[in-house]
Every structure is written in structure tokens, then in C-alpha cells.
Amino acid sequence: AGKLDPAEAYPLLNRNGVFLDLNATPTKMIKGMFNRRYRMLMINQRPDRLEALARLAAQGQITSTIGTVVPLQQAIAAITALEQLGQPKGRLIIST
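Our subject in this report is the structure included herewith. Computed from a predicted model, the values in this text were never measured in an experiment. (Residues numbered from 1 in each chain as written. Predicted model: local features only at pLDDT ≥ 70, side-chain atom pairs only at ≥ 80, totals over all residues. Heavy atoms only, no water.)

1. Here's the deal with the overall build of the protein chain
Put simply, the test is: Every helix listed is a DSSP run of H or I at least four residues long, and every strand listed is a run of E at least two residues long, numbered separately from the N terminus. Residue contacts are counted whenever heavy atoms from the two residues lie within 4.5 Å of one another. Note that accessible areas follow from Shrake-Rupley with a 1.4 Å probe, and for residues the cover is restricted to the protein chains shown. The convention is simple: Lys and Arg are positive, Asp and Glu are negative, and His and the chain ends are not counted. The atoms used to mark charge sites are NZ of Lys, CZ of Arg, CG of Asp and CD of Glu.
The helix and strand tally for the protein chain stands at 4 helices and 4 strands. Traced from its N-terminal end to its C-terminal end, the protein chain shows the element sequence α-β-α-β-α-β-α-β. Projected onto the principal axes, the alpha-carbon positions of the protein chain cover approximately 40 × 30 × 25 Å. Nonlocal contacts in the protein chain, meaning residues at least 24 apart in sequence, comprise 31% of its contacts between residues at least 6 apart. Total accessible area on the protein chain is roughly 7,600 Å²; 57% of this is exposed by carbon and sulfur atoms. Separation of charge centres in the protein chain, based on 12 positive and 6 negative side chains, amounts to 8 Å.

2. Observations concerning the side chain of D21
Selection criterion: A 1.4 Å probe rolled over the protein chains alone gives each residue an accessible area, and that area as a share of the maximum for its type sets the label: buried under 20%, exposed over 50%, partly exposed in between. Pairs of N or O atoms within 3.5 Å make up the polar contacts considered here, provided that, within protein, one atom can donate a hydrogen while the other can accept it, and that residues adjacent in sequence are counted only when both atoms are side-chain atoms.
As for its position among the elements, D21 is in strand 1 (residues 19-21). On the basis of relative accessibility, which here comes to 4%, the residue D21 falls in the buried class. Of the polar contacts made by the side chain of D21, one reaches the side chain of Y38; its length is 2.7 Å. Residues in contact with D21, not counting those within four places in the same chain, are K28, Y38, R39, M40 and L41.

3. Here's the deal with the packing of aromatic side chains
Put simply, the rule is: Note on ring pairs: Phe, Tyr and Trp rings are taken, using the six-membered ring of Trp, and paired if centres are within 6.5 Å. Classes follow the plane angle, with under 30 degrees stacked, over 60 edge-to-face and the rest tilted. In this scheme, Lys NZ or Arg CZ marks a charge over a ring once it lies within 6 Å of the ring centre and within 35 degrees of the ring normal.
For the coordinates displayed, the defined rule picks out 2 aromatic pairs. With centroids separated by 6.5 Å and ring planes inclined at 70 degrees, the aromatic side chains of Y10 and F19 adopt a geometry described as edge-to-face. Seen in terms of ring centroids, F19 and Y38 are 5.9 Å apart; in terms of plane orientation they differ by 20 degrees. Their pairing is stacked. Placement of the pair is F19 in strand 1 and Y38 in strand 2 (residues 38-40), with a sequence separation of 19 residues. Over the ring of Y38 we find K31; its NZ or CZ atom is 4.7 Å from the centre of that ring.

4. Side note on the side chain of R37
Among the secondary structure elements, R37 is positioned in the loop between helix 2 (26-34) and strand 2. We classify R37 as buried; its relative accessible area is 19%. Here R37 is in contact with Y10, L13, N14, R15, G17, V18 and F19, once residues within four sequence places are set aside.

As C-alpha cells, this is what we get:
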């Protein structure tokens with residue numbers, strides 16, 4: 001959702017991991033120029049660009065740690081737990 005704070009994200013990254021921030025601001029752009037683990041990702045959610053991101057992920061150039069996978073029927077409970085307990089190590093995936 002683009003709400004994870006970089007300070008919360010850094011412990012989730014591996015040693016060479018980079019935090020990609022989707023919420024651009026001038027201050028964050030400047031921060032990205034001086035911090036090798038922080039980068040701004042500015043993208044319009046156009047199908048061709050999303051397909052390019054999917055290709056990069058399939059090639060292993062973009063990775064994400066999956067923490068929990070739940071079926072759609074358990075989505076509300078999983079999101080509620082996430083909001084109460086905070087971000088686990090890895091992403092919450094809701095499958096259909």
C-alpha cells in the first residue's frame with residue numbers, strides 16, 4: 001500500500017536489499033540521492049509498465065519476501081491482524 005516507513009523496512013531487507021518508495025516527495029527524492037538502500041520508484045500504473053515489472057520479478061531482478069499466504073476467505077482477519085500486530089517479516093499475500 002506504500003505505507004511502510006523506510007525505518008521499518010530496513011530490518012526486513014537482506015544485506016544488499018533496497019527499499020523502493022512509491023510515494024514521491026521532494027525530500028524523499030533528495031534522500032534517495034544519498035542513501036544506497038533507498039530509492040524512489042515513480043511509475044504510472046499502466047498495463048505495459050506493470051508487465052515490465054512482472055518480467056523483472058520473473059527474472060529475479062526484483063524480489064520480495066513472502067511472510068504469510070491466506071485464502072480470500074481469511075483476508076479480513078489477516079488484514080486486521082496485520083494492522084494490530086504490525087508488519088511481519090515478509091508480505092501478506094491473499095490468494096483466490
